[in-house]
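For reference, the chains in residue letters:
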Amino acid sequence: MTTPATDHVMDRLLFGDNQFFGVNHMSEEKARAQAMRFQDFESVMGVLDSAQAEGIRTFMCTTHERVAQIVDRVRARPDDYPGFVFYPCMPYAHKYANAVTEHGPLEAVRRLLPDEGLVSTALRGGRALATKDVESLVTMLVDAEMAMFQGVTTPVIFLQNVVVDLLLGLGFDEAFAIFARHVRTRYGAEPGYITMNLPRLLDALDRVEVLNPIVCSNMNKLGFRMCGGIEAYREALDEREFRAVAMSVYASGALGPEEAFEWIAQFPKIESVVFGASSATNIRGTRQVVDDVWLPRLSV
Amino acid sequence: MLRIAVVGVGKMGLSHLSILGAHPDVTIAAMCDTSGYVLDVLEKYTGMHAAGDYQKMLDAVPLDAVVIATPTKAHYPMVRAALERGLHVFCEKPLTLSSEESRALVELAAEKGLVAQVGYHNRFVGAFAETRRLLDLGAIGRVTHATAEAYGPVVLKAKGATWRSQRSEGGGCLYDYAAHPLDLLTWYLGTPERVGGTHLGKIFSTATEDEVYSTLFYDDGSTAQLSVNWSDESYRKMSTRITLSGTHGRITVDRQECQVYLRDTQPAPAGYQHGWNVKYTTELTAPVWFYLRGEEYSAELDYFVRSASGALGSDEPAAQNSFETAAVTDRVIELLIRDAEQPGSGTGDAPGHTARRPSPADARRQRLAAVSARARVLLGDTVASGRARIARARSTRKAVR
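These notes cover the structure that comes with them.

What counts and how
Residues numbered from 1 in each chain as written. Chains lettered and ligands numbered in written order. Predicted model: local features only at pLDDT ≥ 70, side-chain atom pairs only at ≥ 80, totals over all residues. Helix = DSSP H or I, 4+ residues; strand = E, 2+ residues; numbered from the N terminus. Buried ≥ 20, exposed ≤ 12 C-beta atoms within 10 Å, placed from the backbone. Contact = placed C-beta atoms within 7 Å. Pairing = 2+ DSSP bridges. Right-handed = clockwise from strand over helix to strand, strands pointing away. Core = buried A, V, L, I, M, F, W, Y, C linked by C-beta atoms within 7 Å. Domains from an automatic or database assignment. Nonpolar A, V, L, I, M, F, W, Y, C, P; charged D, E, K, R; others polar. Axes fitted to C-alpha atoms, helices over the stretch in contact; angles between N-to-C directions. Parallel < 35°, antiparallel > 145°, perpendicular 65-115°, else oblique.

On to the overall build of chain A, then. Looking only at helices and strands, chain A features 13 helices and 8 strands. Here chain A holds 300 residues, and 44% of them are scored as buried. Restricting the contact set of chain A to residue pairs at least 6 apart, pairs at least 24 apart contribute 76%.

Okay, here's the thing in structure tokens:
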């Protein structure tokens, strides 16, 4: 059984990073326009600074190599970023997917491990592949991804949905417990799981006794990408024991902010919402709607 | 419950294994691969039955169907063995490395009355399916030209030693990437009469191509241009886009959206207006029971499971992504390879190479081919303009009535 190691209270609003890296679920043209705009690192920091000005101090981010630059900035200027925390989400899936296409699964894993500098990691890696010890393989991959976050605060560490859902379908439940144990013992952080299949994942986490887990999933009025159906999500939010982080609350732009947060506000179980925005105006807009629509319902 | 074995646990095999593992009407009876390590780990942690030898597995494990996700070169013997035993087959794309072998499998599956599906998942993407529907409605009139593109960041430097880096194994940009836009062209425009100007170029690879360019000619006079490059880092992941130009409008479609421009020369279909329309995949896609990487991967497997279980709805199209249409795509791939080997095609045998200098005989053949191509185009134009005149006359008569 793995029990919570920290009592970390998550902020209501978490800032996501899709917009910075050319990820847009609606349009490839918009994605490219954003990638061009955020090619300039100062544009990225400008948006993060705007978020901070609105009191949003949690950056839920992939382990994209450009995130390392953001980490460097925050680490170098602690006075400018008081209380700023990162929630790393790993692994950065496309890096692995492209490597697997080119090299095959085993070789891809081997190539993505750091080969120098972290000698102990590499040695443990050699043993992992020889003894088929999955636990050390998982922990090694996590350590490789976490290297860029040295010296900043990472109270929650997420496993990305492509990996979570792949393991979930395979019935590889034990990997979730391995991840939880490692994240807690080595980083003193809470494990988080991103999934498109919330009800099924909660069952799997129950089976391996990961208690009261942080789970991030699409939660929106339209039931967009909520596998298992919106009713099963409602039931989970009403009855299951877990810490819910909602994403895609605007259903990829199909819902307006008020409507989106009216729906979120029905579920006290939802502790946080992760959202992305490219401008100070949009960030302020979301902050305002949260203040007007969601927070008042929480204090009732 | 449908008893399925997944054969090959690489990228697509693992994905299929996971999605089928979550399917309520499927039992994973076995997974089969020659890589002991991956199988051992999966067997230890998931309890699924692992098999190292395909033939022995077919002998020993009671099955209803197999999913084949091995390197393409192994498809033909494996699919044949499964069909001969009366098993339904879902095979990854492309079906085989020879259209003759693909045709043989089409016939065998038909003879045995078995479900035989290929993993061209784009046909299960909402936006691509909507485009097929619009073409059926005649929304953009007669298609005169298509552009089919796919770009992505697979091979970015000179290295790589898996089957995907060997054309002889079914690796390379043509089989791995270009097969997708080509299959969409098969779906939208049918079988091309011939192809020309094919260039299979090497950028970083040594034993296969990294870029594919070609022109496809159809018997109704329409044409398509293919442009594919898997060494393009400016794309975050594979991106496939088709543009269709027609007499009454234009469609540009990718995985995410369907951009449609309709001229006011005929009524627009329900839900569309003259001028610009944008439909997003998010609104065109039906929910799935389990999601991994995209609804289309779940949808294609669910369709296979329901086809094999005799549970397709009466209003659903039968035999989607059949061996039959995949064999057409295999035939087109073959035409491209043959065309690229023609003298003067611009296909080199080493990075940076261009075509060898044509011999005098080659030059004569080329001149003759060029003359006959011009003649065909002229004939095509004459026929097309004649048809257009007839069509105009008909529509004028209708309007008068």
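Next up on the list: the overall build of chain B. The number of helices and strands found in chain B is 11 helices and 14 strands. Out of the 401 residues in chain B, the part that is buried amounts to 47%. Summarising the internal contacts of chain B: among those between residues at least 6 apart in sequence, 68% fall at separations of at least 24.

Quick look at the pairing of strand S6 (residues 214-218) of chain A now. All names here are of chain A. Burial runs high along S6: 5 of the 5 residues are buried. Alignment of strand S5 (residues 190-195) against S6, held across 4 bridges, turns out to be parallel. For Ile194, the partnering residue across the bridge sits in S6 and is Cys216. Assessed by its sense of winding, the connection that carries the chain from S5 through helix H10 (residues 198-207) to S6 is right-handed. As for the winding sense of the linkage, the β-α-β connection from S6 through helix H11 (residues 230-239) to strand S7 (residues 243-247) is right-handed.

All names here are of chain B. Core analysis: the largest hydrophobic core is formed by 196 residues, its most contacted members being Ile4, Ala5, Val6, Val66 and Val89. It is helix H7 (residues 173-189) that contributes the most residues to this core, 11 residues altogether. No fewer than three residues from each of domain 1 (2-121) and domain 2 (122-289 + 324-341) sit in this core. Setting aside residues no more than four positions away along its own chain, Val66 makes contact with Ile4, Ala5, Val7, Ala82, Leu87 and Val89.

A few words on the sheet that holds strand S3 (residues 50-51) of chain B. All names here are of chain B. On the basis of which strands lie adjacent, the open sheet formed by 6 strands has the order S3-S2-S1-S4-S5-S6 and parallel pairing. The sheet is open, and its two edges are formed by S3 and strand S6 (116-118), each paired on a single side. With 2 bridges joining them, strand S2 (residues 26-32) and S3 adopt parallel strand pairing. Each residue of the ladder has a partner; that of Cys32, found in S3, is Ala51.

Accessible area lost during the coming together of the parts is what is often quoted as the interface size. At the interface, 33 residues of chain A touch 36 residues of chain B. Within the residue set of the side of chain A that touches chain B, elements represented by two or more residues are helix H4 (93-103), helix H5 (105-112) and helix H8 (161-170) of chain A. Here the side of chain A that touches chain B gets 6 residues from one element, more than from any other, and that element is H4(A). For the side of chain A that touches chain B, the class distribution of residues is 13 nonpolar, 13 polar and 7 charged.

Next up on the list: the environment of A:Val134. Structurally, the position occupied by A:Val134 is in helix H7 (residues 134-146). Expressed as a C-alpha distance, the spacing of A:Val134 and A:Glu174, which sit 40 residues apart in the sequence, is 9.9 Å.

All names here are of chain B. One open sheet accounts for 8 strands, arranged S8-S9-S10-S7-S11-S12-S13-S14; its pairing is mixed. The open sheet terminates on both sides in strands that have one partner only, identified here as strand S8 (194-201) and strand S14 (275-280). Strand-to-strand twist in this sheet, taken as the mean axis angle between neighbours without regard to direction, amounts to 10 degrees. Where strand S13 (residues 257-262) meets S14, 6 bridges bridge the pair, whose relative direction is antiparallel. Across the sheet, residue Glu257 finds its bridge partner in S14, namely Tyr280.

Next up on the list: the packing of helix H5 (residues 99-112) of chain B against helix H10 (residues 323-341) of chain B. In helix packing, the relevant descriptors are the interaxial angle and the interaxial distance, both defined with respect to the helix axes. Residue and element names in this part refer to chain B. It is the contact of H5 with H10, at a shortest axis distance of 8 Å, that shows an interaxial angle of 170 degrees. Considered as vectors, H5 and H10 are oriented roughly antiparallel to each other. In contact with Ser99, Ser102, Arg103, Leu105, Val106 and Ala109 of H5, H10 contributes Phe323, Glu324, Ala326, Ala327, Asp330, Arg331 and Glu334. Here the contact of H5 with H10 is composed, by residue class, of 6 nonpolar, 2 polar and 5 charged.

So, about the environment of A:Glu190. All names here are of chain A. Within the secondary structure, Glu190 sits in strand S5. By the C-beta count within 10 Å, which is 24 here, Glu190 ends up buried. Taking the C-alpha atoms as reference points, Glu190 and Val156, separated by 34 residues in sequence, lie 4.6 Å from one another.

Here we come to the pairing of strand S4 (residues 156-159) of chain A. Residues and elements named next belong to chain A. Burial along S4 is two-sided: the residues Val156 and Phe158 and Ile157 and Leu159 are all buried. Relative to S4, strand S3 (residues 85-90) runs parallel, the two being bridged by 2 bridges. When the bridges of S4 are listed, Cys89 appears paired with Phe158. The sheet contact formed by S4 and S5 spans 4 bridges and is parallel. Its bridge partner lying in S5, Val156 is registered against Glu190.

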